[in-house]
Amino acid sequence: MFSAKDLELKKIDHLGIVGGIVDSIGMVEIINKLLGSEPGEKVSAGQVVKAMILKGLSMMSQPLYMFPKFFELIACEHLIGVGVKPEYLNDDKLGRILDKLFIEGLDTVFLAISLNAVQIYQISLSSSHLDSTSFHVDGEYEYSLPEVIFNNQKQSDYLGEENEEGKSPKAIKLTYGYSRDHRPDLKQFITELVCSGDGDIPIYIKTVSGNEVDSKKFGEIAVEYKKRIKLDSFIVADSALYTESNIKLMSSIKWLTRVPLTIKSAKSLVMSLTESEFVKSEKSGYSYAQKKINYGDIEQRWLVVQSQDRKKSDLNKLSKKIEKALRNTQTKLKKLAQEKFACAADARKELTKISKEFKYHQVENIEITEKVPGIKEENQSKYYQISAKVDENKDVIEPERLSAGRFIIATNVLSDKELSNEKMLSEYKSQQSCERGFSFLKSPLFLADSIFLKSPERIEALAMIMGLCLLVYTLAQREIRAALKSFNYTVKNQLGKAINNPTMRWIFQCFQSVHLVTFHQKTEFLNLTSEMKYILLFLPEACRNYYRYIS
């Protein structure tokens, strides 16, 4: 007789792909080795972290840490491990593991996993991209961990000792600072991220206090990253890296960064170069001119780059600014012309005063007229009025027109053979890798727009888990794209068009409604289509294992 109790239906969807990538880089084993185990534990630390990543990449519009009910819906034992029940993955267990990760050292844990992924997937670290973003938080926070046991030691005892870097873990400050989320009313923390130039894979992640300034931290992060990975990786970053103190600090590191035009010599250079000095780039729409510069007592190459698309945009903005300035100038001159002055000198003095506010225009055709009071103004003495016209100030406008679409990138690699101008440009243009990672982490399908946890330490640990989610996501995306291109195959996108560079978000969506059905101890997959099986061919074997029939 059939009974509903004999039938069990659990979701898998795309989570088998996520679980497969986690397995392929040995994440569970690495975390278990670093954090150890507790007597009688029913689920290991590594399995809890795997569960958090499955939840984080579930693409459900809920915060990462909201575990209740989620694991009751998915094939928990199939995806995480035999014997792992949903009730084992409770808030208390999650919190304890976040505390242990913090105590062990979040940098250490993340690097151990990411560098293992680098080795397994043969990811090139010839270049690394550095950037940062902010995440806002709600509520008040206590700056202390709950009491936890770590490797048979109390947390309070452990924190009194030095770790292998000679420093005890110290929590970040959740405070106000420059908000990339445009929420200056909320406290925040900042995440510094270093991604590989090969596949946008996050290699190093560090969370810092919410009021830290990029220009002060980037140099330190670059040096620390180079020290930790022990590889000759080329650091690429935006203009926040380019300060005199940073480039001196990075004297032993190869770097490439944008030069802020707030530096007088940089601004003067982009405004003074003529079109004939630029060489057309292999990259369509770009040209450049190379200069050898000494800044901060560091010899370096500056590449003044000109983008045709950006030039059109900049010139259009400049024209609008000139038109607006002209309207404002004419309004002020019209108002001035109606004023009455006791003498010609006062009139000229007032014109001189307001003309200093004219950025794009200069005064000409000045006329000062002596006025005799009319019959109705018999009690007034004679007065003076002034009028003038304006013309464009070519000395100001032409340099701005000349510099339109131009920016400067700099490197301390002086040899063109070691780093060509073309490579400089392409590496800088790849700086979007970190931005894509941040865009992913801030997606409402990944994480709610505010974070609620009990302590800054746990928020910092959660930020590292977010980094691991990004690591798994980008690894999967890199692998499927590489496989499709290698075999000259394609998959269909949302519009039915054949492509070889799908986003992993779209691949995840293709696996909706896959379930694991258990009936009379026999297990089968429901809704696993031929299209899904085709996609799985281009993913690692560990991913395919989660979608194979179980007898």
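Residues numbered from 1 in each chain as written. Predicted model: local features only at pLDDT ≥ 70, side-chain atom pairs only at ≥ 80, totals over all residues. Heavy atoms only, no water.

A. Inspection of the overall build of the chain at higher detail. What the chain contains, in helices and strands, is 20 helices and 18 strands. Within the chain, buried positions represent 50% of all 551 residues. Restricting to contacts in the chain with at least 6 residues of sequence separation, those with at least 24 account for 71%. Surface accessibility of the chain: about 27,500 Å² in total, with carbon and sulfur atoms responsible for 49%. (Helix = DSSP H or I, 4+ residues; strand = E, 2+ residues; numbered from the N terminus. Buried < 20%, exposed > 50% of the residue type's maximum accessible area, 1.4 Å probe, protein only. Contact = heavy atoms within 4.5 Å. Areas by Shrake-Rupley, 256 points an atom, 1.4 Å probe, with all protein chains shown as cover.)

B. Spatial organisation of the nonpolar core. In terms of nonpolar packing, the biggest core is built from 127 residues, with I17, M27, V49, I53, L101, L468 and F511 touching the most fellow members. Per element, the largest residue contribution to this core is 18 residues, and it comes from helix α17 (residues 456–487). Here I17 is in contact with A476, M504, I507, F508, F511, L536, L539, C543 and Y547, once residues within four sequence places are set aside. The next biggest cluster of nonpolar side chains, apart from the first, holds 14 residues, and it includes V236, L303, I409 and V413. (Core = buried A, V, L, I, M, F, W, Y, C linked by side-chain atoms within 4.5 Å.)

C. Structural context of the sheet that holds strand β7 (residues 234–237). Here we have 9 strands laid out as an open sheet, ordered β6-β5-β2-β7-β8-β14-β11-β10-β9, and mixed in their pairing. Each edge of the open sheet carries a strand with a single partner, namely β6 (202–209) and β9 (279–280). Where strand β2 (residues 127–136) lies against strand β5 (residues 188–196), 9 bridges are found, and the strand directions are antiparallel. Looking at the pairing, H136 lines up with Q188 of β5. The sheet contacts of helix α12 (residues 308–337) involve β8 (255–259), β11 (298–307) and β14 (406–411), and relative to β11 the element is tilted by about 70 degrees. Across the face of the sheet, α17 comes into contact with β2, β5 and β6 while running at roughly 160 degrees to β6. (Pairing = 2+ DSSP bridges. Axes fitted to C-alpha atoms, helices over the stretch in contact; angles between N-to-C directions.)

D. Highlighting the sheet that holds strand β1 (residues 7–11). Read from one edge to the other, the open sheet built from 3 strands follows the order β1-β17-β18, with strand pairing classed as antiparallel. The strands lining the two open edges of the sheet, one partner per strand, are β1 and β18 (522–526). Strand after strand, the sheet turns through a mean of 20 degrees between neighbouring axes, direction not considered. Relative to β18, strand β17 (residues 515–519) runs antiparallel, the two being bridged by 5 bridges. Looking at the pairing, F519 lines up with K522 of β18.

E. How the structure looks around the packing of aromatic side chains. Per the counting criterion, the structure on display carries 12 aromatic pairs. Ring geometry for Y489 against F538: centres 5.7 Å apart, planes inclined by 45 degrees, an arrangement best described as tilted. Of the two residues, Y489 sits in the loop between α17 and β15 (491–492) while F538 sits in the loop between α19 (530–536) and α20 (541–544), which places them 49 residues apart along the sequence. Summarising the aromatic geometry, the rings of F511 and Y547 are spaced 5.5 Å apart at their centres and angled 55 degrees between planes, so their arrangement reads as tilted. Of the two residues, F511 is situated in the loop between α18 (504–510) and β17 and Y547 in the segment after α20; the sequence distance between them amounts to 36 residues. Accessibility expressed as a relative area gives 0% for F511, which makes it buried. A relative accessible area of 4% places Y547 in the buried class. Ring pairs connect the aromatic residues Y242, W255, Y295 and W302, which therefore count as one cluster. Here the basic side chain of K55 rests over the ring of F70, its NZ or CZ set 5.2 Å away from the ring centre. When the ring centre of Y383 is taken as reference, the NZ or CZ atom of K340 above it lies at 4.8 Å. (Phe/Tyr/Trp six-rings, centres within 6.5 Å; stacked < 30°, edge-to-face > 60°. Lys NZ or Arg CZ within 6 Å of the ring centre and 35° of its normal.)

F. Molecular detail of the side chain of R301. With respect to the helices, strands and loops of the structure, R301 is situated in strand β11. Within the local environment of R301, its side chain forms a polar contact with the backbone oxygen of V413, the two atoms lying 2.8 Å apart. A distance of 3.4 Å separates a polar atom in the side chain of R301 from the backbone oxygen of S415. (Polar contact = N/O pair within 3.5 Å; in protein donor to acceptor, adjacent residues only side chain to side chain.)

G. Examining helix α13 (residues 344–355) more closely. Here α13 spans 17 Å end to end across 12 residues, near enough to the 16 Å set by a 1.5 Å rise per residue. All buried positions along α13 are accounted for by A347, L351 and I354. Taken down its axis, α13 places every buried residue within 70 degrees of arc, on the same side. Exposed side chains of α13 directed beyond 90 degrees from the buried face belong to A345, K349 and K353. Elements that come into contact with the buried residues of α13 comprise α12, β12 (361–371) and β13 (383–392). (Expected span 1.5 Å × (residues − 1). Arc of directions from axis to C-beta.)

H. View of the side chain of S127. Assignment of secondary structure puts S127 in strand β2. Once residues lying within four places of it in the same chain are set aside, the contact partners of S127 are C195, S196, G197, S233, F234 and E427.

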